[in-house]
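Inside the fold
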Amino acid sequence: MNSPRIYADFQNLDDFNRLRLTCAGTLQELEHQGIELQEGLVLTLYTDDEDDQGRPDELRAEGVVHYDEDGLCWVAAIDWAAIRHASDEGSPDARPSGTLVSGQ
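These figures come from a predicted structure and were not determined experimentally.

Digging into the environment of leucine 27
Counting through the fold element by element, leucine 27 comes out in helix α1 (residues 24–33). Overall, the relative accessible area of 43% leaves leucine 27 in the partly exposed class.

What about the confidence of the model for the protein chain?
Averaged over every residue, the pLDDT of the protein chain is 86; the share at 70 or more is 86%. Low pLDDT, under 50, characterises residues 94–104; the stretch is placed with 28 contacts to residues that sit more than four places away or in other chains.

Thoughts on the side chain of threonine 47
With respect to the helices and strands, threonine 47 occurs in strand β3 (residues 42–47). The exposure class assigned to threonine 47 is buried, which follows from its relative accessible area of 7%. At 3.1 Å, the side chain of threonine 47 and the backbone oxygen of alanine 8 are in polar contact. Those residues in contact with threonine 47 that sit more than four places away from it in its chain are Tyr7, Ala8, Asp9, Phe10, Glu58 and Leu59.

Calculation notes
Numbering of residues begins from 1 in every chain and follows the order in which that chain's sequence is written. Note on the predicted model: pLDDT of at least 70 is required for a residue's local features to be given, and 80 or more for side-chain atom pairs to be given and counted; whole-chain, interface and lining totals, by contrast, use all residues. Based on all heavy atoms of the structure, the side-chain values leave hydrogens and waters out of the count. Under the DSSP-based scheme used, a helix requires at least four consecutive residues in state H or I and a strand at least two consecutive residues in state E, with every element numbered from the N terminus. Exposure is judged per residue with a 1.4 Å probe applied to protein chains only, and the accessible area is read against the type maximum: over 50% gives exposed, under 20% gives buried, and values in between give partly exposed. Note: pLDDT gives the predictor's confidence per residue, expressed from 0 to 100. Here, residues are in contact when the closest pair of their heavy atoms is within 4.5 Å. Between N or O atoms, a polar contact is any pair within 3.5 Å; within protein, one atom must be a potential hydrogen donor and the other a potential acceptor, and residues adjacent in sequence are included only when both atoms are from side chains.

Structure (structure tokens):
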């Protein structure tokens, strides 16, 4: 089973290099897909990027959701070495930048 695919701002990090799941685009997609964050939930997170020719080619990574008690927000721990481009997966569902939910 595939994990839900959710937009995240890969620049929005906490002090432990976890993605904060607080940007508007993330919250909109979670609501749209009816996903309630919970401890240990695995998500496929993506953000805008492009290839060397300037074509949309989003970055993706799996993340494990945790609640940050100190930051009072949900975060996702990802393996930064496992980030990949949609084109690396041969994925036809890579969205052009203009169709992403904006949240930054």
